[in-house]
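Tertiary structure, described
Okay, here's what each chain looks like letter by letter:
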Amino acid sequence: MNKKELSEIRKNFSESSGFFTLSRVLTAYVDPEKNVLYKENKNYSLIPENEGTVMFETLRKVLGGSLGKHLVEYTFPERAYEDDSIHDSLALALWARLKDTEGEYAHAVDPLLHKIVSEYDCSGAYAIIIGYCTYSITSCRDENDEDFGDREGEYNFIVTALCPACTGDDGLIFDRNNASIIKKSNTDLLISKTPADGFLYPVFSNRQPDPYSVLVYNKTPKKPNVSMVEDVLDCDFAMTCQSEKAAFGKILSAVLGDDLSYALITQVNGELSKIAANYEGSTELPKIDADKLESILSDVGVDAKRLKALPDIFNDAVNGAEGLTASNLVENKVVIKALGATVNVAGYNMDNVRIGVRDGRKCLVIDLDNPNVTVNDIDVRF
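First things first, this report covers the structure right here in the doc. Values in this document were obtained by computation on a predicted structure and should not be read as measured data.

Looking at the packing of helix α7 (residues 262–278) against helix α8 (residues 290–299)
- In contact at an axis separation of 10 Å, α7 and α8 are set at 125° when each is read in the N-to-C sense. Here α8 runs oblique to α7, going by the angle between their axes. Between α7 and α8 the crossing geometry is right-handed. Residues V268, E271, L272 and I275 of α7 touch α8, and the partners they reach there are K292, I296 and L297.
- Across the contact of α7 with α8, the residue classes tally to five nonpolar, no polar and two charged.

In structure tokens:
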């Protein structure tokens, strides 16, 4: 599922879109001991408007964020197709259109719900919201085209949001009855409108459903919930944007050793920025593999002898991944830390900072073309 396809679904995931329908919603509440205290499954049209609107927006947020960071696509491994697997549970729920009433659809959603409840790692209580959606695929998406609105088929999918619940903060309130300020504890569990985790199945690829892949959402890419991927969906967890940066740093350190300098780091960052910019309008995310990185380092002047070990070092660092996402490696600023001091340098000022030796001492030098300097927000003069 590329950026263009994701954008198409996002755009139409709206109650005002004539090509999209949220037809059914399952909600459940799970306590910290993994007990399902509440479950309801009904047509979306029968849900009170004030509740339905919140559910709709919560489900929509599962498609929020950036591909490669908040949203990562996973292909199911072979083990996921075994009997009673997560793939079977997803396929069954999709086939039943999320219905679980008596007859042929009886308990069709139970295996999926059981898998989530038993395997999802959450320290507290949380709510599960699952929606069954239909997007009418059109042959033309340009409203100015005479064929706009012609239907090619349907993309049916389920989107799942896992939302933590908490009691909120205790605080002071104004009591109108007694005309006084009093302390009140909120004992009602508030379900977050923003999911912590979620997923969409099947993905929308080549303008049709791809039942072999799932799109996983994570609210905090820096602290991903690995159990969502490995335990619930039975997929092999991929590198996060943070782990990609860490791996990239290890690669540069191992390959360049003592030759790794401030100037070299900023030059490499500049080359990565160019690559990411060239793909800005593309539907695909540019990847940096060993060959591409070798080309970048060669272009910025790294000696060929240093680069001989790069392929092996790269493969060990990425642990079998196809490559590193260029946009995840680009830094918009340089952060320099030394002797308890931290200096943040905006990208456009990188060339104004140098690390070197001055009067026999190792120094960080900042060229001040504009002599306006503040210390603790107070202007100082030279």
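Considerations on the pairing of strand β6 (residues 171–175)
- In the sheet, β6 pairs with strand β7 (residues 180–184) via five bridges, with the strands oriented antiparallel. Pairing of G171 across the sheet is with K184, part of β7.
- Taking the residues between adjacent antiparallel strands as the criterion, β6 and β7 are bridged by four residues, where A179 takes a positive phi near 50°.

Structural notes on the pattern of salt bridges
- Within this structure, the stated rule accounts for ten salt bridges.
- Between E271 and K274 there is a salt bridge; the shortest N-O distance is 3.5 Å. Within this pair, E271 and its partner K274 are both found in helix α7, separated by three residues, close to a single helical turn.
- R354 serves as the salt-bridge partner of D367, at 2.7 Å between the closest nitrogen and oxygen. Of the two residues, D367 sits in the loop between β18 (361–366) and β19 (373–375) while R354 sits in strand β17 (residues 353–358), which places them 13 residues apart along the sequence.

How each quantity is defined
Per chain, residues are indexed from 1 in the order of the written sequence. In view of the model being predicted, local features appear only for residues whose pLDDT reaches at least 70, and side-chain atom pairs are presented and counted only at 80 or more, with totals across whole chains, interfaces and linings using the full set of residues. Neither water nor hydrogens contribute to the side-chain values; these are computed over all heavy atoms in the structure. To get an axis, a line is fitted to the C-alpha atoms, and for a helix only the part in contact is used. The angle between two axes follows their N-to-C directions and goes from 0 to 180 degrees. Under the DSSP-based scheme used, a helix requires at least four consecutive residues in state H or I and a strand at least two consecutive residues in state E, with every element numbered from the N terminus. Here roughly perpendicular refers to angles of 65 to 115 degrees, roughly parallel to angles under 35, roughly antiparallel to angles over 145, and oblique to all remaining angles. In this scheme the crossing of two helices becomes right-handed for a clockwise turn of the near helix relative to the far one and left-handed for an anticlockwise turn of less than a right angle. Here, two residues are considered to be in contact whenever any of their heavy atoms come within 4.5 Å of each other. Polar here means any residue outside two lists: the nonpolar Ala, Val, Leu, Ile, Met, Phe, Trp, Tyr, Cys and Pro, and the charged Asp, Glu, Lys and Arg; Gly therefore counts as polar. Being paired, for any two strands, means DSSP has found at least two bridges between them. A pair is scored as a salt bridge if a Lys or Arg side-chain nitrogen falls within 4 Å of a carboxyl oxygen belonging to Asp or Glu.

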